[in-house]
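Chain by chain, the residues:
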Amino acid sequence: MTLTTDLRFDQIRLPEECEALRREVRAFLAEEVDAGTFDPGQPEYGDAHDAEFSRRVAAKGWIGMTWPKKYGGGERSFLERYVVTEEFRVANAPVRLHFVADRQSGPILLKYAPEHIKMEVLPRICRGEVCFVIGMSEPGSGSDLFAAKTKATKTGNGWRVNGTKIWTSNAHIADYMIGLFRTSPPTKENRRHGLTQFLVDMKTPGIRVNPIYQMTGRHDFNEVVFEDVFVPDDHVLGEIDGAWKQATSELAYERSGPERFLETFYVLIELIRALGPSPDVRSAEGLGRLVAQLHTLRRMSVSVAGMLQAGQEPVVEGSIVKDLGTIWEQKLPGRVRELAAFLDPEATNRMTLEEQLAFAATIAPKLTIQGGTTEVLRGIIARGLGLR
Amino acid sequence: MGWPRGGNFNVSESGKLVGETAARIFADFADPGTVNRAKDDAWKQALWNALADAGLTLAWVPEEAGGAGASLADGFEILGVAGRFAVAVPLAETMLAGWLLARAGIAAPSGPMTLVPARPGDSIALDPGGSLTGRAGGVPFAREARHLAVMAKGATGATIALVAAGEYRLTVHRNLAGDTVGEVTFDRADPLQVAAAPAGLTQDALLAMGAVVRSVETAGALETLLKLTVHYAAERVAFERPIAKFQAVQHSLARLAGEVAAAMTAAGSAADTIASSAVFDDAVLLEAASAKIRSAAAAEEGAAIAHQVHGAIGFTKEHILHRFTLRMLAWRDDFGHESHWALVLGNRIAARGADAFWPLLASR
């Protein structure tokens, strides 16, 4: 075992250009709120898709903003994207249509798609026109990604896909999927061998999307069934049978962002509103502890963003941010509920707070499951420490 | 086993240099295994002399006042290293005292010093005749200190005073780690020197500085704790394999890493903020209070995990683990209990109002 216990969290402060951008983003969001596009006090909006809104966001240059200009990007820094992401998240802005494409699908295409595909698809993401879905989990494999069975079989100038993907958020509105399909059996030496990433046009014949309703009553994820779905050769992303090599560096991007600890932030704001300017000792102390945790998480997350911008690969640090962040945002509604227990029922925002707590309580269980479970993350951290 | 070099700050060249100097001195004079076996405290004097000779004890005193003239950032680097060795001499206290005196233009004497008050509720009064009256508890290393740097309330505002040992009554007890803590009583004590505190340097600001110092030391101790615990888990065999191979143990170690990361980040962020702020504003309060609250929580959680993984051997006097876990736990009490800082921070956030909360957070 080679043990490595030196963690690294550089003290990154957002540079001045980020603060100018932040003012611009806040002004834009305030206008949208005034126009009735969404309501920051209504967390449902943060989970909603709004094509018109996404197009206006795109017009500001805030989708694909770190990508090369020739693909429609803005060649801005990862820290600038960080500012946009956190301001949108805190405002509960309806980013669902473009968020997955912006965060992870676009970067995968940038790295692994052939040039003509990049030229075709990336500018459309940047214009806020297309929605992406991630096709990884299957009925028989979730966290165990490399057990995927959905098969892509070589045929002529492309591949035929058969199988089922599940828990696919957005599949019912998505234009494209980045899917992980089996192109060869695993080998004895490497059980991760044999999977390949593909770009799939969701309008291809043979794709069926079946809704799965969540315990909240909402419809967000789906089952996607593939029956002899043709995917052309130029839609292969990266190395055939070698998708496992492509996953690691993207994880830090996907796992350490502000959306990994701000998902239930609105209940904290509403608690502060409900407590008023002079809370009792119990509430004030409880609030102080929550604020300390949140500030620390944000500083960790900004640190990882800065290290990524500097070209490092803080995979362990990114996993730590998601592990601590998702557990915190999951527990936050419960803590707020305790601290609000003895508040004056006549307090003006009491109803808003209770509605928000009810919403947050129903979505809380998913927070430590989506995008890598707590257990998977701790495994990655343990591997980073040299224990596996 | 080598000692960890932290990645806590964006360390400057000078910071690296003083950090390396401190690490070398601690490795030579305060190796945890060696001092844990020592029959007496003679090693503490040798360690102190080496630290003083290298200029580290008066790191925050300007060169023209006889100190090393290190920047605040470089001084925090020294304290991070001290934390990684679970320092048991009044290095941090002397640095803080020297810094406080220097802020008022008072030259620092040689020898160990400590800081009064060290708790939020305590208050010392400077009467018009120039003598001090009042009582302060929880003063770290009060017995070892040859001088006290005191912040007192005078008729014209906050005042800094240098007081020699012997001018006050002292009751000594020991903290969790066995380090001395004193209750200091001034009964019209005569200071050696008195000067007005600079504008903005309030008792709250002083305690915030102390709280950040303890947070940085705690983060350092946690870094060592992670290293000790991971190495122990990799070496210890049970059920025919290293216990580090068990998933349950791996997840405990991953949680420990998370606590260490949080403490490092919160403490590093606060130190970075203090080192670059001219005033004690809401941003400094957010950073300093968060550092104390989060590092104290990490100390508690981290100590529990480290002990659980070490099993019975970690509960022995012979093993060095307690040097780190008990000292971190003791540090929670200094310069404001984490509950004190949570209360101050919560009240401040509430007073600013809901709409001013995110802008404050995002400004950091």
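Residues numbered from 1 in each chain as written. Chains lettered and ligands numbered in written order. Predicted model: local features only at pLDDT ≥ 70, side-chain atom pairs only at ≥ 80, totals over all residues.

**Some words on the overall build of chain B**
Per the secondary structure count, chain B includes 11 helices and 10 strands. What you see for chain B is a C-alpha radius of gyration of 20 Å, in line with the 21 Å of a compact globule of 364 residues. Projected onto its principal axes, the C-alpha positions of chain B cover 75 × 55 × 40 Å. Looking at chain B residue by residue over its 364 residues, the buried ones come to 55%. Taking all contacts inside chain B whose residues are at least 6 apart in sequence as the whole, residues at least 24 apart take part in 73%. (Helix = DSSP H or I, 4+ residues; strand = E, 2+ residues; numbered from the N terminus. Rg over C-alpha atoms; globule rule 2.2 N^0.38 Å. Buried ≥ 20, exposed ≤ 12 C-beta atoms within 10 Å, placed from the backbone. Contact = placed C-beta atoms within 7 Å.)

**Re the overall build of chain A**
When you go through chain A residue by residue, the secondary structure sums to 11 helices and 8 strands. Taking 21 Å as the expected radius of gyration for a compact globule of 388 residues, we find that chain A reaches 21 Å, a close match to that expectation. Taking the contacts inside chain A whose residues are at least 6 apart along the sequence as the reference set, 76% of them involve residues at least 24 apart.

**What about the nonpolar core?**
Core analysis: the biggest nonpolar cluster contains 246 residues, and Leu271(A), Val212(B), Leu253(B) and Ala257(B) have the highest contact counts within it. Broken down by element, this core gets its largest block of residues, 18 residues, from helix H6 (residues 203-235) of chain B. Apart from the residues within four sequence positions on either side, Ala257(B) is in contact with Leu7(A), Ile320(A), Ile381(A), Leu385(A) and Leu226(B). (Core = buried A, V, L, I, M, F, W, Y, C linked by C-beta atoms within 7 Å.)

**A word on the domain arrangement of chain A**
Residue and element names in this part refer to chain A. Considered domain by domain, chain A is made up of domain 1 (16-130), domain 2 (134-242) and domain 3 (248-385). Contacts between domain 1 and domain 2 engage 12 residues on the former and 13 residues on the latter. The greatest single-element share of the side of domain 1 that touches domain 2, amounting to 6 residues, is contributed by helix H4 (residues 96-112). Classifying every residue of the side of domain 1 that touches domain 2 by side-chain character gives 8 nonpolar, 2 polar and 2 charged. (Domains from an automatic or database assignment. Nonpolar A, V, L, I, M, F, W, Y, C, P; charged D, E, K, R; others polar.)

**A word on the domain arrangement of chain B**
Residues and elements named next belong to chain B. Domain boundaries assigned for chain B yield domain 1 (1-104), domain 2 (111-197) and domain 3 (203-362). Computed over C-alpha atoms only, the centres of domain 1 and domain 2 are separated by 23 Å. Broken down by element, the side of domain 1 that touches domain 2 gets its largest block of residues, 7 residues, from helix H5 (residues 91-103). Residue composition of the side of domain 1 that touches domain 2, grouped by class: 8 nonpolar, 2 polar and 1 charged.

**A word on the confidence of the model for chain B**
Residue and element names in this part refer to chain B. The pLDDT averaged across chain B works out to 95; a share of 97% of its residues lies at or above 70. Below pLDDT 50 for its whole length, residues 1-9 participates in 32 contacts with residues either more than four positions away or in separate chains. Of the two predicted TM-score estimates for the complex, the pTM is 0.96 and the ipTM is 0.95. (pLDDT = per-residue confidence, 0-100.)

**Side note on the interface of chain A and chain B**
Each partner contributes residues to the interface: chain A has 47 residues there, and chain B has 49 residues. At the level of secondary structure, the elements contributing two or more residues to the side of chain A that touches chain B comprise helix H3 (78-90), helix H7 (265-275), helix H8 (281-309), helix H9 (315-339) and helix H11 (374-385) of chain A.

**Concerning helix H8 (residues 282-310) of chain B**
Residue and element names in this part refer to chain B. Its 29 residues place the ends of H8 41 Å apart at the C-alpha level, agreeing with the 42 Å of an ideal helix rising 1.5 Å per residue. Among the 29 residues in H8, 21 count as buried, and that is most of the element. Backbone geometry just downstream of H8 places Gly311 in the positive-phi region, at approximately 65°. (Expected span 1.5 Å × (residues − 1).)

**Digging into the packing of H8(A) against H8(B)**
The geometry of H8(A) relative to H8(B) is characterised by a closest axis approach of 9 Å and an angle of 95° between their N-to-C directions. One way to sum up the angle between H8(A) and H8(B) is to call them roughly perpendicular. Between H8(A), through Gly288(A), Arg289(A), Ala292(A), Gln293(A), His295(A) and Thr296(A), and H8(B), the contact on the second element is made entirely by Leu286(B), Ala289(B), Ser290(B), Ile293(B) and Arg294(B). (Axes fitted to C-alpha atoms, helices over the stretch in contact; angles between N-to-C directions. Parallel < 35°, antiparallel > 145°, perpendicular 65-115°, else oblique.)

**Remarks on unusual backbone geometry**
Residues and elements named next belong to chain B. Here the bond from Val116 into Pro117 is cis, since omega is -5°, no more than 30 degrees from zero. Considering the arrangement of structural elements, one finds Pro117 in the loop between strand E1 (113-116) and strand E2 (123-126). A positive phi angle, near 50°, is found at Phe239, a position not held by glycine. Residue class for Phe239 comes out exposed when judged on the 8 C-beta atoms lying within 10 Å of it. A positive phi angle is found at Glu240, which is not glycine, with a value near 70°. Note that Glu240 resides in the loop between strand E9 (237-238) and strand E10 (241-242). Under the C-beta neighbour-count criterion, Glu240 is labelled exposed, with 6 such atoms within 10 Å.

**Overview of the packing of H5(B) against H6(B)**
Axis angle and axis distance: for two packed helices, these are the angle between their axes and the distance between the axes, and together they describe the pair. All names here are of chain B. Relative orientation of the contacting elements H5 and H6 amounts to 150°, with a least axis distance of 11 Å. By the angle between their axes, H5 is roughly antiparallel relative to H6. Crossing of H5 over H6 shows right-handed handedness. Note on element contacts: H6 touches H5 through Leu206, Met209, Gly210, Val213 and Glu217, opposite Ala92, Leu96 and Leu100. Classifying every residue of the contact of H5 with H6 by side-chain character gives 6 nonpolar, 1 polar and 1 charged. (Left-handed = near helix turned anticlockwise from the far one by under 90°.)

**Let's talk about the environment of Tyr232(B)**
Residues and elements named next belong to chain B. As for its placement among the helices and strands, Tyr232 is situated in helix H6. Once the C-alpha coordinates of Tyr232 and Ala306 are considered, the two residues, 74 residues apart in sequence, prove to be 9.7 Å apart. Apart from the residues within four sequence positions on either side, Tyr232 is in contact with Val309 and His310.

**Looking at the pairing of strand E4 (residues 147-154) of chain B**
Residue and element names in this part refer to chain B. Counting buried residues along E4, 6 of its 8 residues qualify, which places the element largely inside the surrounding structure. With 4 bridges connecting them, E1 and E4 associate as parallel partners. In the sheet register, Met113 faces E4, and the bridge partner there is His147. The sheet contact formed by E4 and strand E5 (residues 157-164) spans 8 bridges and is antiparallel. Of the residues in E5, the one forming a bridge with Lys153 is Ala158. Taking the residues that link successive antiparallel strands as the turn, the E4-E5 hairpin has 2 residues. (Pairing = 2+ DSSP bridges.)

**A few points about the environment of Glu263(A)**
Residue and element names in this part refer to chain A. Tracing the backbone shows Glu263 in the loop between helix H6 (248-255) and H7. Once the C-alpha coordinates of Glu263 and Gly325 are considered, the two residues, 62 residues apart in sequence, prove to be 9.6 Å apart. Discounting residues that sit within four places of it in the chain, Glu263 has contacts with Glu329 and Leu367.

**Some details on the environment of Val18(B)**
Residue and element names in this part refer to chain B. Turning to its location among the elements, Val18 is positioned in helix H1 (residues 13-29). C-alpha separation for the pair Val18 and Asn36, spaced 18 residues apart in sequence, amounts to 25 Å. Residues contacting Val18, with those up to four places away along its chain left out, are Ala70, Asp74, Glu77 and Ile78.

**Some thoughts on the pairing of strand E2 (residues 151-155) of chain A**
As paired strands, E2(A) and strand E3 (residues 158-166) of chain A are joined by 5 bridges and run antiparallel to one another. By the bridge assignment, Thr153(A) is partnered in E3(A) with Arg160(A).

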